[in-house]
Amino acid sequence: MRWLSDPLLIVEGLTMRFGGLIAVRDLSFSVGRGDITALIGPNGAGKTTVFNCITGFYKPTSGLMALSTDGAVDADAVAALTASSGRYLLREDTPDADGLFLLERMPDFEITQKAHVARTFQNIRLFPGMTVLENLIVAQHNPLMRASGWSLRGLIGAASYREAEQAAVARATSWLDRIGLLSRADDAAGALPYGDQRRLEIARAMCTNPVLLCLDEPAAGLNPRETAALNGLLRSIRDEHATSILLIEHDMSVVMEISDHVIVIEYGLKISDGTPDSVRNDPKVIAAYLGVEDNEVRRAEAEVGL
């Protein structure tokens, strides 16, 4: 249970209000380093709102989201950081450490650039007019711009920029090979079949070298063969790239097959948190998915043959 012994991300008391609507209420959970963590729940439970808070698209009404890219999140370090007004980077005196970040204090672009959090969306957001290869190169915009001296060295073709450009192409090509799309590198991304676009979007996110990859319904619209390929890809990302994965998914076969840790929310509240087996057998989870009260679970199970 790495989410207890070695957490990469700790979320405490997360609340998100939209006027009089409370989409997420006092939500707390952790994501283990090297785990695949699933955030599940019925439609409208607040799952995407949680993602939007973690990745900086929304600023939460209250709560703490602490991510450490340099060892487990330390409670004392978090307390010291929260006591310092306006700061979000703890280990500023350690040049080689990204340190401990409070995501709720960071703008979205710095969550990607400094805290190394990447995400995909429920609706695919590739650049359809660009080639497949260009979609992966554009994901490496930040290191390429730094290597170009913010354009000058790129304009004169400096050696440092050429090396960075070659490295970006090599990384993009490697990922295309991994997802079986190398032969279509020069095709327009919008011309790919739906399942290939899903995998390309994940590969694009991985080109940013994330420590946490947030996937919003990656299996949506996939057929069984494509779903099996996706499961293998996500396992390899976890095992070979030291990348933790947090995913929202409605396909319970995917969740139960690949997840190390499952968190269930309903109406913005956490109702279960544990291993896939423990969550699957939790009466509150069964009630939430069947749309019945807890005391009616046994009768509902009998009716549907569970």
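Shown above is the structure to which this text applies.
Residues numbered from 1 in each chain as written. Predicted model: local features only at pLDDT ≥ 70, side-chain atom pairs only at ≥ 80, totals over all residues. Heavy atoms only, no water.

Visitor: For this particular structure, what's the right way to read unusual backbone geometry?
Guide: When glycine is set aside, most residues are seen to have a negative phi, and most peptide bonds are trans. The backbone phi angle of His-116 is positive, close to 60 degrees, even though this residue is not glycine. Summarising the element assignment, His-116 is placed in the loop between helix H4 (108-113) and strand E6 (117-119). You will see that Ala-242, though not glycine, has its phi angle at about 55 degrees, which is positive. Relative to the helices and strands, Ala-242 resides in the loop between helix H10 (224-241) and strand E8 (244-248). Residue classification places Ala-242 among the exposed positions, given a relative accessible area of 65%. (Helix = DSSP H or I, 4+ residues; strand = E, 2+ residues; numbered from the N terminus. Buried < 20%, exposed > 50% of the residue type's maximum accessible area, 1.4 Å probe, protein only.)

Visitor: Can you help me understand the pairing of strand E4 (residues 62-68) in this one?
Guide: Consecutive side chains along a regular strand alternate between the two faces of the sheet. By the criterion of burial, E4 is predominantly enclosed, with 5 of the 7 residues buried. Pairing between E4 and strand E5 (residues 100-102): 3 bridges, direction antiparallel. Pairing of Leu-67 across the sheet is with Phe-101, part of E5. (Pairing = 2+ DSSP bridges.)

Visitor: Looking at this structure, how should I read the sheet that holds strand E3 (residues 36-40)?
Guide: Sheet strands associate in pairs through backbone hydrogen bonding, adopting either a parallel or an antiparallel arrangement. Spatially, 6 strands are ordered E6-E7-E8-E3-E9-E10 in an open sheet, and the strand pairing comes out mixed. Two strands lie at the open edges of the sheet, namely E6 and strand E10 (269-274), each paired on one side alone. Taken over all neighbouring pairs, the strand axes of this sheet differ in orientation by 15 degrees on average, direction set aside. In the sheet, E3 pairs with strand E9 (residues 261-266) via 4 bridges, with the strands oriented parallel. (Axes fitted to C-alpha atoms, helices over the stretch in contact; angles between N-to-C directions.)

Visitor: Would you take a moment to explain helix H8 (residues 159-178) for this structure?
Guide: At 3.6 residues per turn, the α-helix brings residues three or four places apart onto the same side. Compared with an ideal rise of 1.5 Å per residue, which puts 20 residues at 28 Å, H8 spans 29 Å between its outermost C-alpha atoms and is within 8% of the ideal. In the segment just after H8, Gly-180 is the residue with positive phi, at about 75 degrees. (Expected span 1.5 Å × (residues − 1).)

Visitor: Is there a simple way to explain the nonpolar core in this structure?
Guide: Nonpolar side chains in soluble globular proteins tend to end up buried together. In terms of nonpolar packing, the biggest core is built from 41 residues, with Leu-176, Leu-200, Leu-213, Leu-234 and Ile-237 touching the most fellow members. Of all the elements, helix H9 (residues 194-206) adds the most residues to this core, at 5 residues. Not counting the four nearest positions on each side in its chain, Leu-176 is found in contact with Val-132, Leu-133, Leu-136, Leu-181, Leu-182, Ala-185 and Leu-200. Counting residues in hydrophobic clusters, the runner-up holds 31 residues, among them Leu-39, Leu-67, Ile-111 and Ile-263. (Core = buried A, V, L, I, M, F, W, Y, C linked by side-chain atoms within 4.5 Å. Contact = heavy atoms within 4.5 Å.)

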